[in-house]
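# Summary of structural features
So you can see what is in the structure, the chains are spelled out below.
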Amino acid sequence: MSQENLAVSFDRYTELRAEPPTLIEGLPGHGLVAAIAADLIMRQLELDHHGSVVSEEFPPVASFRDGRFRDLVRVYAGEDPPVMTLHSDVALPNRASRALAQCVLEDLAQEFRRAVFLAGAPAESEAAIGEVYGVATTDAMETALDDAGVTLADGAGLVGGVTGTLVEHCYRAEVPATVLIVKANPYLPDPAAARSVIENALEPLVGFDIDTTELEAQSDQIKRQLEQIARQYRQSAQPAVEPEGEPTGPAMYQ
């Protein structure tokens, strides 16, 4: 692969000395499925801050949590089980995709043995939320998906944005990788879809056990909030009783 020499670097804070891990991508995207899933995995497995990706192509913002600033794009890793996760605190613009892909291939690919990317897709119905389909870059990854019970995606399709760029670079560099396409709520963050991809795909594929109870609770909370909003809307939409004999004007919608 040609060297693009983009303004990007990886600041490494720890060394991995055991079995090469599986990289799980957790960048914000449709339904925040990848971000929600990767964050839970990172916390449950108590992964260490392995390093940070720094680039002039990233948005000019400062990220902080619990009173301390931190790097915008971070990598966490652990050795038991061997897992590495990639996080960003904001959705990265498309212009940053090549820089991030270059860093992943040149600085991280030598450390992980395969990559798993998560892509949310709009669910056509509520019943479809949580359906997971896989797409592989190699025969070995296709076999791994089959062994994990993940259905291969039918027909043709596209994976866009930063995730699509990362996958495309891995494919061309012959880095073993798969994309897990998860059907999610078209409009809201979807913890239920994140829970499904963890339980039905990542756990059997990667070989770990994650407690997803908090995602179930988050999903229930969102449903209750939506139901409350719907009730309030129905109440506010009730037609007002017009005084008898008074003319009425055009309806107003807002």
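Here is a short report on the structure shown in this document. Please read these numbers as outputs of a predicted model, since none were measured by experiment. Every chain is numbered on its own, with residues counted from 1 as its sequence reads. Local features in this predicted model are restricted to residues whose pLDDT is 70 or higher, and side-chain atom pairs enter the listing and the counts only when it is 80 or higher, whereas totals over whole chains, interfaces and linings include all residues. The side-chain quantities take in all heavy atoms of the structure and omit both hydrogens and water.

## Quick word on the pattern of salt bridges
Note the threshold: By salt bridge we mean one thing: a side-chain nitrogen of Lys or Arg within 4 Å of a carboxyl oxygen of Asp or Glu. Only runs of H or I of at least four residues qualify as helices and only runs of E of at least two qualify as strands under DSSP, and these elements are numbered from the N terminus. A 1.4 Å probe rolled over the protein chains alone gives each residue an accessible area, and that area as a share of the maximum for its type sets the label: buried under 20%, exposed over 50%, partly exposed in between.
This structure, assessed with the given rule, holds 10 salt bridges. Measuring nitrogen to oxygen at the nearest pair gives 4.0 Å for the salt bridge that ties Glu-19 to Arg-113. Here Arg-113 lies in the loop between helix 2 (97-108) and strand 8 (114-122) and Glu-19 lies in the loop between strand 1 (8-12) and strand 2 (22-26), a separation of 94 residues in the sequence. Looking at Arg-113, the relative accessible area reads 41%, which means it is partly exposed. Across the salt bridge formed by Glu-199 and Arg-195, the nearest N and O atoms sit 3.1 Å from each other. Taken together, the residues Glu-199 and Arg-195, both in helix 5 (residues 191-207) and 4 residues apart, mark about one turn of the helix. According to the relative accessible area criterion, Arg-195 is partly exposed, its value standing at 26%. Beyond isolated ion pairs, a larger network of salt bridges with shared partners links Asp-39, Arg-43 and Glu-214.

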